[in-house]
Amino acid sequence: MSDQPDLEAVLRSRTPIVALETREERRALDLLRQLANRLPWPVYKWTVTEGLTSLAFDFALEGRHTDPVAILRHIRDAARPGVYVLVDFHPFLDDPVNVRLLKDIALRYDTNPRTVVLLSHALALPAELDNHATLFHLQLPDRQTRRRIVLDEARRWKAEKGRKVGADREALERLIDNLSGLTAAEVRRLAHKAIFDDGVIDAHDLPRLMQAKYELINQDGVLHFEYATERFADIGGFSRLREWLERRRSAFHDPRPELDVPRGILLLGVQGCGKSLAARAVAGIWGIPLLRLDFATLYNKYHGETERNLRKALRAAEAMAPCVLWIDEIEKGLSTSDNDAGTSRRILGTLLTWMAEQAKGVFLVATANDIQALPPELIRKGRLDEIFFVDLPDRAARKHIFDIHLRKRGADPLHFSTGELARETEGFSGAEIEQLVVSALYAAHARQAPLRDADLRAEIARTRPLSVVMAEKVAALREWARERTVAVD
Ligand code: ATP
């Protein structure tokens with residue numbers, strides 16, 4: 001693992017601003033210190049507390065310039081070329097004076113070459129600087145290194161406790177996989193935790209590990225983490241989707257040269273028919289965590305910075321790989337018919353580029369209700385592996401949904417004629433059937449008697465399902481889907 005040649009090449013490439021984003025400040029500074037001896041220019045370090053120091057010799061310089069504006073002026077006006085490493089400068093990038101000074105430094109680079117390295121744990125460069133900056137990331141430990149660290153922690157446990165760590169081979173391999181995207185120190189810390197809590201590496205360690213990893217990686221709340229436990233056993237219908245996923249399970253976990261790595265699906269369909277449940281079940285049956293990308297937060301919280309933050313969220317998802325990235329109601333985030341069409345276009349562009357280049361290990365599940373609002377680029381063949389249509393459940397699926405929801409609420413389905421009830425609920429969605437069960441239970445409770453078929457029938461008679469209320473819309477959606485999509489069941 002060597003970052004040195006890469007960073008040296010960047011610094012020699014006449015780039016005025018290098019954005020070095022890392023949670024390993026000490027390692028980055030050591031690397032820059034080593035490079036200071038190889039580069040033809042002096043390398044300086046600046047922090048708001050210490051001001052300017054020489055990085056190689058670690059001594060303070062005259063006029064320390066602890067003030068951010070003063071240091072940027074100093075760099076801009078310095079007579080000689082140099083590399084200035086500004087540590088934790090990110091809070092000061094909110095100030096337009098600092099942004100302009102950085103741009104001045106960049107624009108004068110040809111006549112006065114000075115490189116500014118912005119070193120922070122998280123950086124959001126203002127758009128004004130994009131053209132002048134190069135992003136640099138330190139390499140993270142590869143699989144072999146991660147394995148070495150885990151085994152090293154296992155040896156330490158044995159030396160301390162006098163007995164071997166109990167490890168289930170599959171869980172060990174999954175642990176090593178799931179430690180990807182972390183720094184060496186973090187890998188060690190999490191491996192230590194997994195081993196030293198009970199001296200065993202097994203399937204119980206994984207959810208905890210993924211939760212801890214998520215907390216390290218997700219700092220701004222755009223991604224929500226769930227260790228999904230949903231299984232297809234609790235979902236009526238979806239047999240074809242289930243089979244599709246089971247066939248690809250091993251290619252996703254263990255890519256083979258002759259098989260394309262599964263990249264993602266779109267679940268399009270009628271409201272309340274289980275798209276969200278199915279998205280969770282993908283993660284559940286593949287045994288990987290689910291990350292939900294929240295477009296609403298992306299737009300609200302970061303007005304004007306939406307694109308950059310989407311890129312950041314996608315990078316975080318890559319670091320969480322293997323995982324499912326679920327984008328719920330994707331059409332709402334990408335709709336190009338709203339007032340802010342420019343932003344939506346760019347967001348769509350960012351997402352499509354990511355999908356095309358996407359690193360292995362992130363499986364995208366997008367869900368959508370409204371085809372009108374879906375950008376055609378997204379559903380073009382080849383972007384996603386498959387577009388599935390989630391239709392209203394058929395009779396067999398409806399029976400299954402009755403069974404599931406009765407059982408969930410403590411009623412034995414065998415005491416009900418769920419086959420008959422399924423026949424009487426043509427056009428009902430899964431959510432509506434669930435609601436029937438819930439309301440019928442209230443009715444039974446009010447009578448202080450056990451739930452009966454008649455309670456369910458009374459609720460059926462009272463309900464006007466969405467497929468009736470919005471018959472035209474549902475018919476249009478089905479018509480559209482018939483030619484373009486694959487049914488989930
Ligand atoms: P929306 O488009 O409104 O978000 P959706 O298609 O994502 O709807 P879900 O949120 O998954 O639907 O469904 C709502 C609830 O209805 C689920 O939490 C579940 O309890 C029930 N439900 C829907 N479809 C099914 C199904 N096929 N099997 C079991 N339960 C279902």
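The sections below set out a description of the structure shown in this document. (Residues numbered from 1 in each chain as written. Predicted model: local features only at pLDDT ≥ 70, side-chain atom pairs only at ≥ 80, totals over all residues. Heavy atoms only, no water.)

### Re the packing of aromatic side chains
Going through the model one piece at a time under the given rule, you end up with eleven aromatic pairs. Ring plane angle 90° and centroid distance 5.6 Å describe the contact between tryptophan 157 and phenylalanine 196, whose orientation is recorded as edge-to-face. In this pair, tryptophan 157 sits in helix 5 (residues 143-161) while phenylalanine 196 sits in helix 7 (residues 184-196), placing the two residues 39 residues apart along the sequence. By relative accessible area, which is 4% here, tryptophan 157 ends up buried. (Phe/Tyr/Trp six-rings, centres within 6.5 Å; stacked < 30°, edge-to-face > 60°. Helix = DSSP H or I, 4+ residues; strand = E, 2+ residues; numbered from the N terminus. Buried < 20%, exposed > 50% of the residue type's maximum accessible area, 1.4 Å probe, protein only.)

### Some words on the nonpolar core
In this structure, Leu241, Leu325 and Ile330 are the most contacted members of the largest nonpolar core, which totals 96 residues. Counting residues domain by domain, this core receives three or more from each of domain 2 (143-217) and domain 3 (232-390). In contact with isoleucine 330, other than residues within four places in its own chain, are Leu266, Phe295, Leu351, Ala366, Thr367, Ala368, Leu374 and Leu378. The next biggest cluster of nonpolar side chains, apart from the first, holds 24 residues, and it includes Ala19, Phe89, Val99 and Leu125. (Core = buried A, V, L, I, M, F, W, Y, C linked by side-chain atoms within 4.5 Å. Domains from an automatic or database assignment. Contact = heavy atoms within 4.5 Å.)

### Structural notes on the site of the ligand
Near the ligand there are 18 residues, and of these Gly236, Gly272, Lys275, Ser276 and Glu434 occur at the shortest range. In the environment of the ligand, an oxygen atom lies 3.1 Å from a nitrogen or oxygen atom belonging to the backbone of glycine 274. Take lysine 275: an N or O atom from its main chain is 2.9 Å from an oxygen atom of the ligand. Within the complex, 80% of the 630 Å² of free accessible area of the ligand lies under protein. Where the shell around the ligand is concerned, the elements lending two or more residues are helix 10 (275-286), helix 16 (395-408) and helix 18 (430-447). When the residues that make up the shell around the ligand are grouped by side-chain class, the tally is seven nonpolar, eight polar and three charged. (Near = heavy atom within 4 Å. Polar contact = N/O pair within 3.5 Å; in protein donor to acceptor, adjacent residues only side chain to side chain. Areas by Shrake-Rupley, 256 points an atom, 1.4 Å probe, with all protein chains shown as cover. Nonpolar A, V, L, I, M, F, W, Y, C, P; charged D, E, K, R; others polar.)

### With respect to the layout of surface pockets
Here the largest pocket is characterised by a volume of approximately 940 Å³. Around the largest pocket, the lining comprises 35 residues; the ones closest to its centre are Leu140, Gly181, Arg315, Glu318 and Ala319. Those elements that provide at least two residues to the lining of the largest pocket are helix 6 (169-178), helix 8 (205-217), helix 9 (239-253) and helix 12 (306-319). Examining the composition of the lining of the largest pocket, we find that six residues originate from one element, helix 12, more than from any other. (1 Å grid on protein atoms, 1.4 Å probe; cavity = no way out; pocket = protein on both sides within 12 Å on 5 of 7 lines; lining within 4 Å. Points joined across faces, edges and corners; volume = space filled by probe spheres on them.)

### Section: the sheet that holds strand 13 (residues 362-368)
Across the sheet, which stays open at both edges, the seven strands sit in the order 9-11-12-13-10-14-15 with mixed pairing between neighbours. Unpaired on one side and paired on the other, strand 9 (223-226) and strand 15 (486-487) mark the two borders of the sheet. Bridge count between strand 9 and strand 11 (residues 290-293): four bridges; the pairing is antiparallel. Note that in strand 11 the partner of glutamate 226 across the bridge is leucine 290. Packing against the sheet, helix 9 makes contact with strand 10 (264-269), strand 12 (323-327), strand 13, strand 14 (386-390) and strand 15, and its axis sits at approximately 160° to strand 13. (Pairing = 2+ DSSP bridges. Axes fitted to C-alpha atoms, helices over the stretch in contact; angles between N-to-C directions.)

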